[in-house]
Amino acid sequence: MGCLAAVMNVPTLACLALVLAYPIFYAGYLSFHKVSIRELRSGVYPFIGLENFQRLFNDDLFWLSLRHTFVFVFATVSLEVVIGLAIALIINERRIWLARITRLLVLVPWAVPPVVNGLLWAFIFNTQFGYLNRLLYQLGLVDQQVNWLGNSNFALFAIVIAYVWRTTPFNILLYDAALQGIPRHLYEAAEIDGASTWQVFWNITLPLLRPVIVITLILRTTFAFMVFDEILAITNGGPGNDTWVAAWYTYKISFQPPFDIGLGATSAYVLAIVIGLIAIFYVRTLYRRVEY
């Protein structure tokens, strides 16, 4: 039986090796070699050891991009968890008769492709004919057009809003499913004991949701570190370098002049290591299985 199971898993393992393992190891190979347009034409990649890593860590633009990435990840993941949990708690309340319709409506942003989402929000934030400026002007909150995407203080914030709008439904669905799995007798016992709403949430709901919250933190942090489409569609990295993040830096270095694919592969590897360390931190500090 064990041999049969191993044989049945061979096609899956082969697909994973081709789709995941080979690109990962090949990118690692490129990070230790000089790879640019000249080397791609000749097919010969000179080995340069840790030179790409040294160049990367001495690049001020890389550190600027990494700093923007941490700001973006912290803002988006925090908002996704808080907003997602709040909406999940609301629609999970059985007294809300619109809960089923709400569950359907929250899927709409998640179904929008990232580039389309970026173009949509770029139109909303447009200085001349964007709906945001028009709404704020009609409400009397501004007396002139605000250049949201051309202002270094607002550009990254605009991308955060666009990204959170698209990705929060993922958290809502997971939290809603987890809430439905919590035994109702726990809430009934807490009600009999006279526990307040906050006490019920803090002592029953939140501890039982902790494993799911950790999973969403890991997944959403990973995807937030790889944000690319919204930046491409909304700001294209501008104004200046104010919305450069790590994934955008990797793309610009690798596929636009100077086409330094070796340095780009190195940047991607460093980013993967950072994500892995954060995931380990989440699991070790936050993950606790609770049973009642």
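Going by the structure above, here's the rest.
Computed from a prediction, not measured in an experiment: that's the story for all the values here.

Each value, and the rule that gives it
- Residues numbered from 1 in each chain as written.
- Predicted model: local features only at pLDDT ≥ 70, side-chain atom pairs only at ≥ 80, totals over all residues.
- Heavy atoms only, no water.
- Helix = DSSP H or I, 4+ residues; strand = E, 2+ residues; numbered from the N terminus.
- Buried < 20%, exposed > 50% of the residue type's maximum accessible area, 1.4 Å probe, protein only.
- Contact = heavy atoms within 4.5 Å.
- Areas by Shrake-Rupley, 256 points an atom, 1.4 Å probe, with all protein chains shown as cover.
- Lys, Arg positive; Asp, Glu negative; His and termini not counted.
- Charge placed at Lys NZ, Arg CZ, Asp CG, Glu CD.
- Polar contact = N/O pair within 3.5 Å; in protein donor to acceptor, adjacent residues only side chain to side chain.
- Patch = residues over 30% accessible without salt bridge, like charges linked within 9 Å, V, L, I, M, F, W, Y side chains within 5 Å.
- Salt bridge = Lys/Arg side-chain N within 4 Å of Asp/Glu carboxyl O.
- Core = buried A, V, L, I, M, F, W, Y, C linked by side-chain atoms within 4.5 Å.
- Phe/Tyr/Trp six-rings, centres within 6.5 Å; stacked < 30°, edge-to-face > 60°.
- Lys NZ or Arg CZ within 6 Å of the ring centre and 35° of its normal.

1. Looking at the overall build of the protein
- For the protein, the helix and strand inventory stands at 14 helices and zero strands.
- When the helices and strands of the protein are listed from N to C terminus, the series reads α-α-α-α-α-α-α-α-α-α-α-α-α-α.
- Along the three orthogonal principal directions, the C-alpha set of the protein runs to about 75 × 75 × 30 Å.
- For the protein, the proportion of its 292 residues judged to be buried stands at 40%.
- Considering only contacts within the protein whose residues lie at least 6 apart along the sequence, 68% involve residues at least 24 apart.
- A total of about 17300 Å² of accessible surface is found on the protein, and carbon and sulfur atoms cover 68% of it.
- Taking the 18 positively charged and 16 negatively charged side chains of the protein as two groups, their mean positions are separated by 4 Å.

2. With respect to the side chain of S36
- If you trace the backbone, S36 turns up in the loop between α1 (2-31) and α2 (37-42).
- Accessibility expressed as a relative area gives 15% for S36, which makes it buried.
- Within the structure, the side chain of S36 is placed 2.3 Å from the side chain of E39, a separation counted as a polar contact.

3. Observations regarding a nonpolar patch on the surface
- On the surface, L13, L16, L18, V19, L20 and I24 cluster together into a nonpolar patch covering about 620 Å² of accessible area.
- Relative to the assigned elements, L20 resides in helix α1.

4. Structural notes on the nonpolar core
- Residues F72, Y175, F225, I234 and Y249 are the most contacted members of the largest nonpolar core, which totals 59 residues.
- Listed in part, the five residues of the second largest apolar core include L30, V35, Y45 and I261.

5. A look at the packing of aromatic side chains
- A full pass over the atoms with the stated rule returns 24 aromatic pairs.
- Ring centres of Y22 and Y26 lie 5.8 Å apart, and the angle between their planes is 15°; this geometry places the pair in the stacked category. Pair noted here: Y22 and Y26 are both in helix α1, with a separation of four residues, about one helical turn.
- Ring pairs connect the aromatic residues F57, F62, W63, W244 and Y249, which therefore count as one cluster.
- Note that R220 overlies the ring of F170, its terminal NZ or CZ placed 5.6 Å from the centroid.

6. Digging into the environment of V274
- Tracing the backbone through its elements, the reader meets V274 in helix α14 (residues 261-286).
- The spacing of V274 and P169 is 105 residues in sequence and 26 Å in space, taken between C-alpha atoms.
- The contact partners of V274, leaving out residues within four places of it in the chain, are F70 and F225.

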